[in-house]
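Each chain, written out:
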Amino acid sequence: MGTDAFEFTINFVKMVAIFLMMVQIVPLLVWVERRGSAYIQNRFGPNRVGPLGLTQLLADAVKFLTKEEFVPGRGYPFIYYAAPVVAMIPATLALAAIPLSAPFHVEPFEMFGRNWGPYTFMFQGYDFGIGIVFVLGVSSLAAYALLLAGYGSNNKYSMYGALRASAQTISYELAMGLSIVGVILLFNTFSFTDIVNAQSAPLNFMWFGKKVVVEWLPNWGLIYQPLGAVILFAAMFAEANRLPFDLPEAEGELVAGYHTEYAGFKFNMFFIGEYGHMFVASALMVIFYFGGYTIYPWLTPETAPQIMGKLLGVTSATWMSFWGSILLHLVLMAKVVAFLWIFIQVRWTLPRFRYDQLMDLGWRSMLPWALFNTVITAIVVLLMRYQWGA
Amino acid sequence: MLWDAIGFYGMALFLIFFALKTITVPNPIHAALYLVLTMIGLAGMFFNLGAHFIAGVQMIVYAGAVMVLFVMVLMLFDLKAEIRSFSRGLLSGALKIMSSALLVGFALGSAGSSVAILDSSDTAPTQIDVTRQLGVLLYTKYLFAFEVLGILLLVVAVGVVAVSRMKGGTHAQH
Amino acid sequence: MPSTETILNVGLTHYLALSAVIFSFGMIAVLMRKNVIVMLMGVELMLNAVNLSFIAFAKESGNLSGHIMVFFVMTIAAAEAGVGLALAVAIYKKFHEVNIRFFEHLRG
C-alpha cells in the first residue's frame with residue numbers, strides 16, 4: 001500500500017475512486033442503453049425527467065430504494081441476500097487489477113516542513129505481477145452469484161436460470177482462457193502494463209532472421225491475433241450474460257431467470273454486476289488487442305506528459321506526468337466506450353440463441369478454434385523468438 | 001512480524017471454521033458453498049506464501065470450475081437436507097475420530113521436530129519472477145510428468161463421457 | 001506450551017499444523033459422512049491441505065518443485081472430481097439416492 005502517509009493517502013483515494021467509477025458508470029450506461037435502444041428501435045426512450053431524460057436515473061434510484069422488502073418463503077434467506085453482493089464482487093475486484101492509465105511520477109517535494117521522497121503511482125487499484133491470472137480467477141467466481149440466486153430463491157424458474165448460467169459460464173470460460181493464452185504467448189508476460197507498453201511501439205517482429213518494422217502501423221495485438229480477439233469478444237458476451245447469450249434470464253421462457261424473485265435495490269446490484277462485467281470486458285479487449293491507453297505514434301506514456309505540458313502551460317514534472325496520465329486515461333475510456341456501445345448495439349440487434357445452439361457454439365466451434373489459435377501462435381512465437389530472433 | 005502473525009491467524013481461523021462447516025452442515029449444497037469459501041481462503045494463503053500463480057490457478061480451477069460442477073450436480077439431484085448425515089455406529093464413529101486425531105497428532109509432532117532439519121536461512125527463494133521459473137521448470141525437468149498428465153486428462157474426459165452416456169442415456173427408465 | 005516468540009514468529013510449523021488440521025477434517029468427512037458427494041468434497045479438502053504443505057515447504061526451502069507438485073495435484077484433483085461426479089450421477093439415475101449405503105447393491 002505504501003511506505004508513508006502521503007503514499008498511503010493517495011493509494012486509498014485511488015482505490016475508492018476506482019470503485020466509485022465502476023458503480024457510477026452503471027446509471028450512465030443504463031441511460032445510454034435505454035436511449036440507444038430507443039434510437040435503434042425508432043422510439044424516444046426516457047425523455048421526461050430532466051434534460052434528455054438524464055435524471056431518470058435518480059428517479060430510478062429512488063424507486064429502487066423505496067420498494068417493498070421481500071423474501072420468498074421457504075427459501076434460504078441468507079443465501080438469497082448474499083447473491084446480489086456476490087454478483088458485484090468479481091467485476092469490482094477485476095477492475096482493481098486493470099491499469100486504467102500510465103503510472104505517474106511525483107518528484108521529491110516539501111510539505112508540512114519535511115521532505116517527501118519521489119513516488120510512482122500506478123493508475124490501478126493494486127498491481128499484481130500476474131494481473132491476467134488474477135482477473136481470470138476472480139471473474140470465474142461470477143457463476144456463484146447466479147447459482148446462489150437460483151438456489152436461495154426457492155423458485156423453479158430461478159433454478160433453471162442458475163443451472164443454465166453455470167453451464168454457460170463454464171463452457172465459455174474455456175474459450176476465453178484459451179484465447180487469452182495467445183496474447184500471453186505473444187507478449188511474453190502476465191502483466192497488463194507490460195502488454196500495453198509493448199503495444200505503444202510500431203509494428204515489429206522477426207521474420208526469417210530479419211527484423212521487420214512497419215512504421216505506419218501500431219504494434220497492436222489485433223494485428224497478430226484477429227481470431228483470438230473475435231473469440232474473446234464473443235466469450236465476453238456469454239460471461240456478462242448479455243444478449244445473444246442471455247439464456248440465464250431468458251424472459252420468454254423463464255420469467256426472468258435467476259432474478260425472478262429479486263426486486264428493488266437487490267435487483268439493482270445484479271444490474272451493477274452485469275454492467276461492471278461489460279466494463280471489465282471492454283477494458284480487457286482494449287488492453288489486449290487495441291493498444292490500451294496508448295495511440296501510436298501520437299500518444300504514448302513518453303509523449304503524453306509533454307503534450308499536456310504544452311497544452312496547459314504547466315512546467316513542473318509532477319503535474320506534467322499527472323496530466324499526461326489523465327490524458328491517457330481519457331484515451332482508454334474513449335476506446336472502452338466504443339466497445340460498450342458495441343455491447344449495447346448487439347443486444348438490441350441480435351435475437352437470442354437456442355440452448356443447444358449455445359452449447360454447440362461454445363464447445364464445437366469456439367473451443368476448437370481457440371485451441372487452433374493457441375497452437376499456431378505457439379509455433380509462430382517459437383520461431384520468431386528463438387529460431388529467427390536474437 | 002506482528003502483522004504477519006495477525007494475518008496468518010485470521011486466515012487460519014477463517015479456513016478452519018469453513019472447513020469444519022463443510023464437513024458438519026447437513027445440507028450438501030451448503031457444504032459445497034462452504035468448501036468454495038475454504039478454497040478461496042487457501043488461494044489467499046498461497047498468495048501470502050508467494051505462490052501468486054498457483055493462487056490464481058487455485059481460483060480458476062478449484063473455485064471457478066470444480067466447485068461450480070459440484071454445486072451444479074447437487075442442484076440437479078434435488079437433495080433435501082439429510083436428517084442423519086453421519087454414518088451410524090457410536091463405537092466406529094469414535095474410532096474414526098480418534099484415528100483422525102492420532103494422524104493430526106503425528107503430523108504436528110513430526111512437523112514440530114523436523115523443522116530444525118530444514119535449513120531456511122541462506123536458501124530463501126528469490127521472489128522475482130517465480131512464475132517464469134515455474135514455467136521453465138514445468139517444461140524442462142518435469143516435462144514427462146506434464147505430458148503424462150495431459151494423456152490422463154484425455155483418458156478421464158473420454159471416460160466421463162462414456163460413464164455419463166451409459167446405456168439408457170439421460171432419460172433412462174428404471 | 002510454546003513461547004510467545006514461537007507463536008508470533010509464523011513459519012513452516014504453523015502452516016504444517018494448519019495443513020494437518022484441514023487434512024483431518026477431510027479425512028473425517030470421508031470416513032463419517034453418508035452422502036457420496038460430501039465424501040468427494042472431503043477428498044478435495046485433503047488434497048488442498050496437502051497442497052498447502054507443499055507450498056509452505058517450497059517457500060521454506062526455496063525450491064520451486066513444490067509448486068510443480070501442487071500444479072499436478074490440482075490437475076489430478078480436477079480429473080478425480082469429474083470422474084467421481086459422473087459416477088455419482090450414474091448412481092443417482094439408478095437409485096435416486098447418493099447415500100453410500102446404496103453402493104452395496106452394485107455388486108455383481
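To be clear, the structure that these remarks concern was listed above.
Since the model is a prediction, treat every value here as computed from it, not as a measurement.

> Quick one: what's the story with the overall build of chain B, residue by residue and with numbers?
For chain B, the helix and strand inventory stands at six helices and zero strands. Expressed as a percentage of the 174 residues in chain B, the buried residues total 36%. A separation threshold of at least 6 residues defines the contact pool for chain B, and within that pool the share at least 24 residues apart is 54%.

> Pulling in residues and values, what's your account of the interface of chain B and chain A?
The interface is formed by 25 residues belonging to chain B together with 23 residues belonging to chain A. Approximately 1900 Å² of surface area, both sides summed, lies buried where chain B meets chain A, with 79% of it carried by carbon and sulfur atoms. Counting the contacts that link chain B with chain A gives zero salt bridges. Where chain B meets chain A, there are five residue pairs in polar contact (both at pLDDT 80 or more). Those elements giving two or more residues to the side of chain B that touches chain A turn out to be helix 2 (28-48), helix 3 (52-77) and helix 5 (130-140) of chain B. A per-element tally of the side of chain B that touches chain A places helix 3 of chain B first, with 16 residues. Of the residues belonging to the side of chain B that touches chain A, the class tally is 18 nonpolar, six polar and one charged.

> Describe the arrangement of the chains, listing the residues and the values that go with them.
The chain pair with the greatest number of contacts, out of two pairs of chains in contact, is formed by chains B and C. For chain A and chain C, which are not in contact, the least C-alpha distance works out to 13 Å.

> Describe the nonpolar core, and please don't skip the residues or the numbers.
Across soluble globular proteins, nonpolar side chains have a tendency to be buried as a group. With 179 residues, the main nonpolar core has Ile-98 and Phe-288 of chain A, Met-67 and Phe-70 of chain B together with Ile-37 of chain C as its most contacted residues. The dominant element in this core, judged by the number of residues it contributes, is helix 3 of chain B, at 17 residues. Each of domain 1 (1-80) and domain 2 (128-166) of chain B accounts for three or more of the residues forming this core. Excluding residues within four positions of it along the chain, Ile-37 of chain C makes contact with Phe-70, Val-73, Leu-74 and Phe-77 of chain B together with Leu-85 and Ala-88 of chain C.

> So what's going on with the pattern of salt bridges? Which residues, and what values?
Residues and elements named next belong to chain A. Summed over the entire model, instances satisfying the criterion amount to four salt bridges over all chains. Of the charged contacts in the structure, one is a salt bridge between Glu-33 and Arg-347, with a shortest N-O distance of 3.5 Å. Taken together, the residues span a long stretch of sequence, with Glu-33 in helix 1 (residues 5-40) and Arg-347 in helix 13 (residues 317-347) at a distance of 314 residues. Exposure remark for Glu-33: the relative accessible area of 3% places this residue in the buried category. The exposure class assigned to Arg-347 is partly exposed, which follows from its relative accessible area of 26%. Note that Arg-364 and Asp-360 form a salt bridge whose closest N and O atoms lie 3.0 Å from each other. In this pair, Arg-364 and Asp-360 are both assigned in helix 14 (residues 355-387), four residues apart and thus about one turn of the helix distant. Assessed through its relative accessible area of 35%, Asp-360 is described here as partly exposed.

Rules and cut-offs
- Residues numbered from 1 in each chain as written.
- Chains lettered and ligands numbered in written order.
- Predicted model: local features only at pLDDT ≥ 70, side-chain atom pairs only at ≥ 80, totals over all residues.
- Heavy atoms only, no water.
- Helix = DSSP H or I, 4+ residues; strand = E, 2+ residues; numbered from the N terminus.
- Buried < 20%, exposed > 50% of the residue type's maximum accessible area, 1.4 Å probe, protein only.
- Contact = heavy atoms within 4.5 Å.
- Buried area = accessible area lost by both parts, 1.4 Å probe.
- Salt bridge = Lys/Arg side-chain N within 4 Å of Asp/Glu carboxyl O.
- Polar contact = N/O pair within 3.5 Å; in protein donor to acceptor, adjacent residues only side chain to side chain.
- Nonpolar A, V, L, I, M, F, W, Y, C, P; charged D, E, K, R; others polar.
- Core = buried A, V, L, I, M, F, W, Y, C linked by side-chain atoms within 4.5 Å.
- Domains from an automatic or database assignment.

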